[in-house]
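What follows is the residue order along each chain.
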Amino acid sequence: MRIISIQNNQGIPKYKQIIFSVEKTIEEGYLKKDEKLPSINKVCLEFSVSRDTVLQAYEDLKKRGIIYAIIGKGYYVKSTEVRVKQRIFMLFDELNIFKEDLYNSFLENIGPGAEVDIFFHHFNLEVFKKLVADCKGNYTKYILMPTNLVGSNSLIKTLPVSDVYILDQTNSELKAYPAVYQNHLKDIYNCLLEGKSSLNKYQKMILIFPGFREPLGMKEGFQKFCEDFKFEHEIITEFKNRIITNGEVYIIPNDRDLVWLIEKSKNQNLKLGSDFGIISYNDTPLKKVVENGITTISTDFNAMGKMMAEMILVGKKKQIENRCSLILRNSL
C-alpha cells in the first residue's frame, strides 16, 4: 500500500497532506511500530515536492512522538497513537503543593489531545541545561520555569522561539516569549499596601529571604514598601535560633521558617496577632486553621495553569501577569 499520497489543487498544504497520509496509514494498521517511512528523497522525486516540505512534515510528526529518526538511516514509526496533536515538555523548578495545583489545572484544561511530560531542574543549572538539550526537537511546545537561574536565558534561546512558553517567573531577556507569570515586586508591594492599616501597629517588619529559590522581586518590593512608608525593616536569611521581639511582623516565603517561628513564639509565650505578626507566602488549606488563621500573600496557581493551557490551545502569544492577593487572617 502507498504510504504517502499528495494531490495538487486540494487547498491543503502539501506538508499537511504528508502528515495526514502517515497518520491514516498508521491508524489503518498498514504501518506499524518501528517500520520505516519512505525516505525524504523518495517522496521528493515521486511527488515533485521540495525537500523542505517533506522535512517539515516529518519533523512535525517527530515532535508529536509519532516517528523517530536514525541518523543516516531514515525515519521510523515510534507510536501508533496519532490522536496526540500536542506533545508538551514542562520543566518545573520543584514539586510542591502549589506547583502540583498548577500542573493539575494545566492537565485538566489542555484536553485529551495533548501528551505532557514533566521534569524538574531543582534550581540546578546543569540539570536545566541537560534537560533542555535532551528535549530539543522532540516536542511541539516547551513550557519552562527558569526561576532566577543565572545562565538559563541563553539555554532557552536554543529552543524554537515559536514553541517556547515561560511560566511563573520571567525577566527582561525573555520578553519575546509568551508567559503567565507573577510580578513579585508589584505583588508584595501592593499586598503590603492593602494590609498597611494592620501593619501600622507593629514597630518592625522582617523579611526572611534565603535568596536561593526566592525571586529577587520579592526582596525589592519589600524594601520599596518599607522605604516609601518609613517602616523600620530588616532582611534575614533564616529564622532559626532567632529571638522574637514584641512588635515585630515577619514576612515568610518558606514554610519551614513558618513552623520554626510559631514554635519559638510558644516557647516565648507570645500571642500571634498582637505581640507579633506573620504574613506567609502561598495559601494552603492548613494555613486557614493553623493558629486560628495565617495571613497570606498568594497567587492563584489554578488560574495560572488554566491560562497557560488556553494560551496554547488558541495559539495566543501574550505575557500575562497572574493575579495575586492578600488574605487577611488572625496572624496580622
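Here the structure is shown first, and the text comes after it.
Just so we're clear, the structure is a prediction, and the values are computed from it rather than from any experiment. (Residues numbered from 1 in each chain as written. Predicted model: local features only at pLDDT ≥ 70, side-chain atom pairs only at ≥ 80, totals over all residues. Heavy atoms only, no water.)

## Concerning the sheet that holds strand β12 (residues 295-299)
- Judged by pairing direction, the sheet is mixed, and its six strands sit side by side in the order β9-β8-β10-β11-β12-β14 without closing on themselves. The sheet is open, and its two edges are formed by β9 (233-236) and β14 (324-327), each paired on a single side. Within this sheet the neighbouring strands show an average axis-to-axis angle of 15°, counted without direction.
- In this structure, β12 lies alongside β14, joined through four bridges in antiparallel fashion. In the strand pairing of β14, Ser298 is matched with Ser325.
- Each of β8 (204-208), β10 (248-252) and β11 (277-281) is contacted by helix α10 (residues 255-267), which is oriented at about 160° to β11, the strand it contacts most. (Pairing = 2+ DSSP bridges. Helix = DSSP H or I, 4+ residues; strand = E, 2+ residues; numbered from the N terminus. Axes fitted to C-alpha atoms, helices over the stretch in contact; angles between N-to-C directions. Contact = heavy atoms within 4.5 Å.)

## A word on the sheet that holds strand β13 (residues 319-321)
- Read across the open sheet, the six strands follow the order β4-β3-β5-β6-β7-β13; overall the sheet is parallel. Each edge of the open sheet is held by one strand with a lone partner, namely β4 (114-120) and β13. In this sheet, adjacent strand axes meet at a mean angle of 15° when their direction is disregarded.
- Here three bridges tie strand β5 (residues 141-144) to strand β6 (residues 164-168), and the two strands are oriented parallel to one another. The residue bridging Ile143 from the neighbouring strand is Tyr165, located in β6.

## A few points about the layout of surface pockets
- The space that makes up the largest pocket amounts to roughly 600 Å³.
- Of all elements in the fold, only α4 (97-110) and α10 reach the threshold of two or more residues within the lining of the largest pocket.
- Class assignment for the residues of the lining of the largest pocket results in ten nonpolar, six polar and nine charged. (1 Å grid on protein atoms, 1.4 Å probe; cavity = no way out; pocket = protein on both sides within 12 Å on 5 of 7 lines; lining within 4 Å. Points joined across faces, edges and corners; volume = space filled by probe spheres on them. Nonpolar A, V, L, I, M, F, W, Y, C, P; charged D, E, K, R; others polar.)

## Remarks on the nonpolar core
- The biggest cluster of nonpolar side chains holds 23 residues, and the ones touching the most others in it are Ile4, Ile18, Leu37, Val43, Val54 and Tyr58.
- Those elements that provide at least two residues to this core are α1 (14-27), α2 (40-47), α3 (51-63) and β2 (74-77).
- Setting aside residues no more than four positions away along its own chain, Ile18 makes contact with Ile4, Ile6, Val43, Thr53, Val54, Ala57 and Tyr58. (Core = buried A, V, L, I, M, F, W, Y, C linked by side-chain atoms within 4.5 Å. Buried < 20%, exposed > 50% of the residue type's maximum accessible area, 1.4 Å probe, protein only.)

## Some points on α4
- Between its first and last C-alpha, α4 extends 20 Å over 14 residues, near the 20 Å set by a 1.5 Å rise per residue.
- The complete set of buried residues in α4 reads Phe98, Lys99, Leu102, Tyr103, Ser105, Phe106 and Ile110. Mapping the buried residues of α4 onto a view down its axis gives an arc of 160°, with all of them on the same face.
- For α4, the elements touching its buried residues are β3 (86-92), β4, β5, β6, α10 and α11 (301-314).
- Of the residues flanking the start of α4, the one acting as N-cap is Asn96, its side-chain oxygen 3.0 Å from the backbone nitrogen of Phe98.
- Looking one or two places after α4, you find Gly111, whose phi comes out positive at around 90°. (Expected span 1.5 Å × (residues − 1). Arc of directions from axis to C-beta. Polar contact = N/O pair within 3.5 Å; in protein donor to acceptor, adjacent residues only side chain to side chain.)

## Brief notes about the side chain of Gln182
- Structurally, Gln182 can be placed in the loop between β7 (179-181) and α7 (184-194).
- Residue class for Gln182 comes out buried when judged on its relative accessible area of 10%.
- At 2.6 Å, the side chain of Gln182 and the side chain of Asp168 are in polar contact.
- Leaving out residues up to four positions away in the same chain, Gln182 has contacts with Asp168, Asp187, Thr299, Phe301 and Met304.

## Some details on the pattern of salt bridges
- Per the counting criterion, the structure on display carries 20 salt bridges.
- Of the charged contacts in the structure, one is a salt bridge between Lys99 and Asp168, with a shortest N-O distance of 3.8 Å. In this pair, Lys99 is assigned in helix α4 and Asp168 in strand β6, connecting sequence segments 69 residues apart.
- Look at Asp168 and you get buried, because its relative accessible area is 4%.
- Between Lys130 and Asp134 there is a salt bridge; the shortest N-O distance is 2.7 Å. With Lys130 and Asp134 both in helix α5 (residues 125-135), this residue pair falls four residues apart, about one helical turn.
- The exposure class of Lys130 is exposed, given its relative accessible area of 54%.
- You can call Asp134 partly exposed: its relative accessible area is 46%.
- Sharing partners across several salt bridges, the network here consists of Lys204, Glu234, Arg242 and Glu248. (Salt bridge = Lys/Arg side-chain N within 4 Å of Asp/Glu carboxyl O.)

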